[in-house]
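Coordinates in review
The chain contents come next:
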Amino acid sequence: LRVNAICGSLLKYMDILERVISGPDSDGANSIIADSDPLQEETRQVLSLCSSVLTQFHPLGRDLRLVITFSRCGDKLQECMEEITGIAKHAKASIRHQESLSPDIVLPLLEMAVSEFRDAARCLETQDVDAAREIRLRDKKLDKAHHHCPPRLRRRVQERGHVHHRARRVHHDLPGRER
């Protein structure tokens, strides 16, 4: 349940990030930046709990796969929060310097990434491997769309990371997920 709550918080911050980019909204960027530490701590607690379960109870079979899945997801969610915070900091600096955030290019990509992350979080909850495979196909479309961005914007995004790559890694860690 805690992993699902973290996913819900990240989705909330992704929605705020959309407003930041389309706004521009420096207050939204500030709220993401301010809330990142407590969410990072919550994720660290999930990782600690996974370690405790492994060492104290020695789970087997399906239980072991679930603990490992949640542990991997915790790592990926932590990275995703770091990237969301980094993008919010970049957006805040761009707003302060009155630089364009290129919302006409960035928002469609962000919307695709958010949709993918939302579905990956749902797959994590339901453990729907078929849906996870479908997300992988959508991820290829997102990669193609990103590739068609203007080179200057693509370089800026690459320097700061991709939220959608973390979503891809979250759904790749589902139990029974074929690699």
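Residues numbered from 1 in each chain as written. Predicted model: local features only at pLDDT ≥ 70, side-chain atom pairs only at ≥ 80, totals over all residues. Heavy atoms only, no water.

1. Overview of the overall build of the chain
Quick note on the threshold: Where helices and strands are cited, they refer to DSSP runs of H or I of at least four residues and of E of at least two residues respectively, numbered from the N terminus. Exposure classes here rest on a 1.4 Å probe applied to the protein chains alone. A residue is buried below 20% of its type maximum, exposed above 50%, and partly exposed in between. Throughout, a residue-residue contact means that at least one pair of heavy atoms, one from each residue, lies within 4.5 Å. Residue-level accessible areas treat just the shown protein chains as cover; the underlying method is Shrake-Rupley with a 1.4 Å probe.
Assigned secondary structure in the chain consists of seven helices and zero strands. In the chain, the order of α-helices and β-strands from amino to carboxyl end is α-α-α-α-α-α-α. Counting over 179 residues, the chain shows a buried share of 46%. Summarising the internal contacts of the chain: among those between residues at least 6 apart in sequence, 79% fall at separations of at least 24. Carbon together with sulfur atoms contributes 52% to the accessible area of the chain, which is approximately 9,600 Å² in total.

2. Remarks on the side chain of Glu18
To keep things clear, this is the line we draw: This count recognises Lys and Arg as positive and Asp and Glu as negative, with His and chain-terminal groups excluded. What counts as a salt bridge is simple: a side-chain nitrogen of Lys or Arg found within 4 Å of a carboxyl oxygen of Asp or Glu.
Topologically, Glu18 is positioned in helix H1 (residues 2-22). The side chain of Glu18 is buried and forms no salt bridge, while Arg118, the nearest opposite charge, is found at 5.7 Å. Those residues in contact with Glu18, other than ones at most four positions away along the chain, are Leu107, Leu110, Glu111 and Val114.

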